[in-house]
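An overview of the molecular structure
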Amino acid sequence: MTERTVDQIVPGWTAPNRERAATLLAAYPERRSAVMPLLYLASLEHGYVSDDAQREVADLTGLTSAQVQSVASFYTMYKRDPVGRYLVSVCTSISCYLLGADDVLDAVEEATGIPDGESSEDGLFSVEHVECIGACGGAPAVQVNYELVEGVEPDKAILMCNWLRTARPEVVSSDEMQSLFGGQRSFDWGPAEQEGAVAAVPAFGPYGSAGEA
Amino acid sequence: MADRTDSVVSITIDGVEQRVPAGELLIKAAEETGTYIPRFCWHPRMKPVGMCRMCLVEVETPRGKLLTTSCTMPVNDGMVVDTRSDVVVKAQEGILEFLLINHPLDCPVCDRGGECPLQDQTMAYGPGESRFVEEKRHFEKPIPISDLVLLDRERCILCARCTRFSDEISGDPLIEFKERGGATQVLNFPDEPFASYFSGNTVQICPVGALTAKPYRFRARPWDLEAVESVSLVDAVHSKVSVQSSQNEVVRINGVDNGPTNQGWLSDKDRFIFEYLHSPERLTTPLVRAGDEFVEATWGEALDLAAERLATFPGSEVAGLGGAHGTNEEAFAFGKFLRTCVVTPHIDAQMGDGLDPDFVVGLSPRARIEDLERAKTILLWAGDLKEELPVLYLRVRRAATELGATLIVVHPRRTGLDDVADHKVTYRPGQGPDVLRALVAGEGTYAELREDLADGPVVAIVGRTGRGEDPRLAEAVAAFVRDLPGAGIMPVVRRSNVLGALDMGLSPSLLPGRAAATSPAARSALEEVWGPLPEQAGWDATGILEGLRDGRLRAVVLYGADPVRDHPDPTLAHAALDTADFVVALDLFLTDSSRLADVVFPVEAFSEIEGTVTNLEGRVQKVNRLLAGPGQSRQMWSVLDELARRMGAELGAPTAETLAKEIAAVAPAYRGLSWDVLDWGEGREGVVMPTAEGEQQLQYVPVDAATSSVSEGLALHSGRVLYDDGVRTRMAPSLAQLMPDPFVAVHPADAAELGVAEGESVRVVSEHAAVELPVRIDETLAEGAVYVPANLAATAPLGSPQSVTVHATDGGEEE
Amino acid sequence: MSDAPLILTERMDAHPADSHTMERYEATGGYEALRRGLEMAPEEVAAIVKASNIRGRGGAGFPTGVKWGFLPQAMRPRYLVINGDESEPGTFKDRQLLERDPHQLVEGIILSSYALDVHHAFVYIRGEYPRPARRVQHAIDEAYAKGYLGSDILSSGFDLEVTVHLGAGAYICGEETALLNSLEGRRGEPRIKPPFPAVEGLYGKPTIVNNVETISNVPWMVLNGGEAYATIGPETSAGTRLFSLSGHVAKPGNYEIVMGMSWRELFYDLAGGIPADRAIKCWIPGGASAPWFVPDEHLDLPVTIDDTGRHGSMLGSGAVVVMDEMTNVVAAAHRVVKFFAHESCGQCTPCREGTTWLERMLWRILNGEGRLMDLDLLLDVCDNISPGLRWPPAQTTICPLGPSAVSPIRSIMTYFRDEVEAMIVSAGSRDDLEEAPVG
């Protein structure tokens, strides 16, 4: 029997993403392991992990859609509802909480006009509170499309949301946001990077990031 | 357990020393020695997961007592276990409390109420009151997840039995855990229902009322049920079942764990077929023909008429067809009636679509289903087991996945086992002998397969891959396999009691007890009891139908036989019954065949009859009676007994058990087998009667004699589907709705040549009929072949010839 | 910190601008350990790690050399999986190692793989760490280009592939068997142990799962010898260790220290004391899972694995979260319990139902709906997750996540029960909430 190729299964995907999918499927001793990275790729293609995206990943990995749904729904970073262009994640776990994270979340809700867990109708923002993002030394911490900003005081959080709304950066970069809105950091970050996020998917080469997609 | 050894170890359970098998799971070892440890997620036929935590016990370790789940802990020598310590009791009470905080209090309206493990264990181990004042978890109340099953996620305790069954046992993981933590739930994917042939098993093993089956919902309360153990007569595996009724109707069939056969599992067809029993279409009175229609008759009138007419023909001009759906006792009565009362040798339980009776009956070395557990290599060269013998499919699947057997599948198209097969050979129907020759020689791409087949024990499951396949091919495969190391062969037979019927002599070449009809010794032994047997050699089903059509035969008795639907040549079957001077049918329904009869007798069916049946291993088991049949329907053998009397003969069948005793006396292979043996003790697993010494040698067809015949046009692969348009399925509404839409599958290359595309309607022409079917492009199909699901209303007229032609319809208009 | 040897953070401290690059790494002795290691027999490299007495830096503190010794002799393939799913609230040390010195980790991976006869290693990095993942991926790409990865590494005949795998938001994947399930493309549900991963791990094959920090130490060990490592610090807490300090301290951050100093020294000498000169009310000594410490009893205890364990807590992942005297400990405990309820995988009953119930009870108390009976109820529900409420914890659960949620509740009930009670009483005890009958 002939196995269908990635190109046959997801002809609608961009050529680079089809190539990435093929690479990911070959990267592991067992095909199923590619489910998680493929869900990120499918999320880039569809804007979120839609039912169609899950079906495609099922086809690519030889799983049933129910199996893919089971995996996708386990992890919080696979968004199964449409997500805004900028996903603002406010850490409210213990260290950030101790340093005023709840006020930061309030500020973000106020600046974006949408409550925790929801997305704006214009598709610009999604807001969520998240559990610890490993930035406790730079509490309170926030991520935009998983790009980190540390030491974000409530007033800076408002400025940041306003900046996202007006500047509409194509690429969201930690370094840029940190320099504009950040404060105390967990540690010295070293030199600034070029890469950043183009969607609410972690910007990582194998899944595509700024300048590559 | 694969890793279980035969050695025995000593462990101490609650202060009492016990001898238990080494490596066995503690929960099982404890149960076998009389200590029941409560559990929800553990199921003896699935891998332990230790999720519900109800089976916590304390085990002594060098570092003190360890609280651990007994379902995940294998026993070892000297283990000291406490199942009722204060710590254990508190932990178990705690688990129950955790399970109950989100469980609704709707026991009074729950199907499970009264037979619910959660309810039972709450009574036995649970806290008296709830300390939980928060709001319970809410989900939409029962949602249909398939046409047969509903899911109530509020009741679900997330033991994952259903999801694990679907993944681990049936291999169709269409339901899975979704979300996580406190939001975890079981669910299917949107628009992809839990359409599994095995979905009912999940309902049965659900420890609460979260999964319910539509055919049973709200039909009965457990304490109202009456039940008997029996075996399913849906197919030749003969899965053990509990048949349960309420208010004189069968309302539920559950699987019973019979280790050698079904291990508790059933197909949904086994489980839900019972609806036909209470169909309004069921025959309730005798019918006699009056011109173009039937009129109801009294038993006396109908019997008189049938006896009188049958007596007008010489015995040799009368034939009998059928007997493969009932019990051995019924088959025996049918054969005895035909051979001693009518005095005809023209008898066949098969419909020209089976295997050679001598091959099936005399097969050696015969494999048992259990042999799959030890098989190193399994060769499956037969129909798609998932469609034909679903429970055997589960056992092969388990062997290939859990037990590490190498699986080789040879078939003209994809099968349900391809995903777990190590090798798959796809061939165009007709070219089987070429494939076999190459396989035997280990030529080219077959070298690896041939090598795997040298690694025994080898179990070969052989049968006709499609209705048109030459039955001699299976024999040729068997002839090759039987010389392989540790070989065992299992025939795939179609109707549920074909083996029993053949064993009872419902074949022109066989007498009861696997004796050759040509054997002088067997004949004379039987004649001592029965009197003279017909001298002449008998004809098989095809011969009988031809004889009827051509006037050499003039009357036929159909017993549960529907040759118009089942014989590969429907034109012949129809002409035969049309031409016959007199047709008597004993049946449950008016079928395409019994509709052509002159007299129809309503007989009793599964759950209404008692007797023995013989499965494809040769395993004899009991079916039991729970209810009386509807209306005036009667036991089949009593109808024959009455007919015989009216024809001046004596059948000697006052009860089914009388027939059983006669079988034990006159059928060599069944000598000494009594119902008592099967009803009690070890015999409850069934008894595989040993092959008698001096048994006939099989005349295998040599490989090179079964020559490939490559037909002109497109070879027809006419394969069985589980929910076909057989009369029982059609009369069971829950299953009838699942009948697939008809189609013709075409290989992409052939489709290109024919100029047809997916979904287009084409005209499929056989020598019997021309039908219009939508095309499905199927790259798993052998090139040069088309696949048509057999016996759907739309496809049945095609029959099963070697080849068909396919034509794009004029104008190419699509609907 | 001045007299402590720096193993992990020396390069990033000295070269903040480019410590993560191949160029700087090589210029500061990088991949020298690899050259030396590849000249040794694999068993020799393994022996060095064993001799170092290093205990795993992920949280459980299991001796790494002993773990490596659990691999069955004959079975191949074997896998090495680096646990970079750092998600324990308060912990951010691996993030720094991944971002600032990824080659140190990569070299450690190659050496460890060589020692273990592993030919495919995986680095599992939490999805919320895209920048660390990019740095590691870049370092791996550089290492391939230089011939440190791939086939026939430095003409030694040794082959190794390394794959970076991103998580997607699930703390539980830091548990090694959950991580393996996740890496296999499944839900991150912990497996029943035994079998342990060393025997039956990734794809059912023998697998070693080690923390980022643990493996980042390996190049130093190979260059300096396992014994040299073992002599650093107290006998059973060998080596230096990265501690993540956060919460109410003046200078939060990661500190590489030799264990054995007191908590007082850690807080006041290294971390600059408590802002606004407030008093410490309590602290979490080793990540959110750890029972809390209070100044009266614990401030002068030495920071070692054993001393912390003897006093009913753990150093865990090295995350220290300090709470000053103004902290509402009920709210803080609720925040920690909420974390565990959110991160419970849901497969086992006591964790799925218990953590959720505990969180809701605390929420009720915080919102003025507490009942005095809730005090004992909280502890009894805790007891049904972690019988006996002892340390180290017993568990009715599959993995330690459930008992982790018990830690903060036990802590506030041990040290601040009067505060919890006062909160309930001041809100007006709600003993009018009815107990519901069981149906």
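As shown above, the structure is provided for reference.
Each chain carries its own residue numbering, running from 1 in the direction its sequence is written. Here chains are named by letter from A upward and ligands by number from 1 upward, in the order in which they appear as written. Per-residue local features are limited, in this predicted model, to residues with pLDDT of at least 70; the limit for side-chain atom pairs, both in listing and counting, is 80 or more; totals at the level of whole chains, interfaces and linings are taken over all residues. By convention in this description, side-chain values take in all heavy atoms of the structure and omit both hydrogens and water.

Points about unusual backbone geometry
All names here are of chain C. Inclusion rule: Under the scheme used here, helices are H or I runs from DSSP no shorter than 4 residues and strands are E runs no shorter than 2 residues, and both carry numbers assigned from the N terminus.
That bond from Arg 76 to Pro 77 is cis: its omega, -5°, falls within 30 degrees of zero. With respect to the secondary-structure elements, Pro 77 resides in the loop between α5 (64-68) and β1 (79-84). Omega for the peptide link from Lys 193 to Pro 194 comes to -10°, which places this bond in the cis form.

Topic: the nonpolar core
Residues and elements named next belong to chain B. Applicable threshold: Buried Ala, Val, Leu, Ile, Met, Phe, Trp, Tyr and Cys residues form a nonpolar core when they are joined through side-chain atoms within 4.5 Å. With a 1.4 Å probe rolled over the protein chains alone, any residue whose accessible area is under 20% of its type maximum counts as buried; one over 50% counts as exposed, and the rest are partly exposed. Between two residues, a contact is recorded if the distance between any of their heavy atoms is within 4.5 Å.
Residues Phe 337, Leu 392, Ile 461 and Phe 601 are the most contacted members of the largest nonpolar core, which totals 359 residues. Ignoring sequence-local partners within four residues, the contact set of Ile 461 consists of Leu 372, Ile 378, Leu 379, Leu 380, Trp 381, Ala 382, Leu 385, Leu 392, Val 396, Met 490 and Val 492. Listed in part, the 25 residues of the second largest apolar core include Phe 294, Leu 572, Ala 576 and Ala 597.

A short note on empty space enclosed by the protein
Residue and element names in this part refer to chain B. Selection criterion: Using a grid of 1 Å spacing that covers the protein atoms alone, one calls a set of points a cavity when a 1.4 Å probe fits there but cannot get out, and a pocket when the set is open and has protein on both sides within 12 Å along at least five of seven lines; lining residues are those with an atom within 4 Å of a point. Grid points are joined across faces, edges and corners, and a volume is the space filled by probe spheres set on the points. Polar here means any residue other than Ala, Val, Leu, Ile, Met, Phe, Trp, Tyr, Cys and Pro, which are nonpolar, and Asp, Glu, Lys and Arg, which are charged; Gly is therefore polar.
Per the counting criterion, the structure on display carries 11 cavities of 30 Å³ or more. Forming the boundary of the largest cavity are 47 residues, of which Leu 233, Val 234, His 325, Arg 495 and Arg 728 lie nearest the centre. Those elements that place two or more of their residues in the lining of the largest cavity are α6 (268-272), α10 (385-388), α18 (563-566), β26 (582-587) and α23 (727-730). Here the lining of the largest cavity is composed, by residue class, of 20 nonpolar, 10 polar and 17 charged.

Notes on the pattern of salt bridges
Under the convention used in this document: One side-chain nitrogen of Lys or Arg within 4 Å of one carboxyl oxygen of Asp or Glu is enough to make a salt bridge.
All told, the structure shown has 96 salt bridges over all chains when counted by the stated rule. The closest approach of N and O atoms between Glu184(C) and Arg191(C), which form a salt bridge, is 2.9 Å. The buried category is assigned to Glu184(C), whose relative accessible area is 8%. Owing to a relative accessible area of 21%, Arg191(C) belongs among the partly exposed residues under this scheme. In the salt-bridge network here, residues are joined through shared partners; they are Glu147(A), Glu150(A), Asp175(A), Glu193(A), Glu195(A), Arg95(C), Glu99(C), Arg131(C), Arg134(C) and Arg135(C).

Topic: the sheet that holds strand β7 (residues 149-151) of chain B
Residues and elements named next belong to chain B. In plain terms, the rule: The pairing criterion for strands is at least two bridges between them, as found by DSSP.
Strand order in this open sheet of 3 strands is β6-β7-β10, and the pairing throughout is antiparallel. The two strands at the open ends of the sheet, each matched to only one other strand, are β6 (143-144) and β10 (211-213). Bridging between β7 and β10 involves 3 bridges; their strand directions are antiparallel. Bridged to Leu 150 within β10 is Thr 212.

Things to note about the interface of chain C and chain A
We apply this condition: Put simply, buried area is the surface a 1.4 Å probe can reach on two separate parts but cannot reach once they are joined, added for both. Under the rule applied, a polar contact is a pair of N or O atoms within 3.5 Å (in protein, one hydrogen donor and one hydrogen acceptor; residues adjacent in sequence only if both atoms are side-chain atoms).
Each partner contributes residues to the interface: chain C has 68 residues there, and chain A has 55 residues. Approximately 4900 Å² of surface area, both sides summed, lies buried where chain C meets chain A, with 57% of it carried by carbon and sulfur atoms. In this assembly, chain C and chain A are joined by 8 salt bridges. Our count for the contact surface shared by chain C and chain A stands at 28 residue pairs in polar contact (both at pLDDT 80 or more). Counted by class, the side of chain C that touches chain A contains 29 nonpolar, 23 polar and 16 charged residues.

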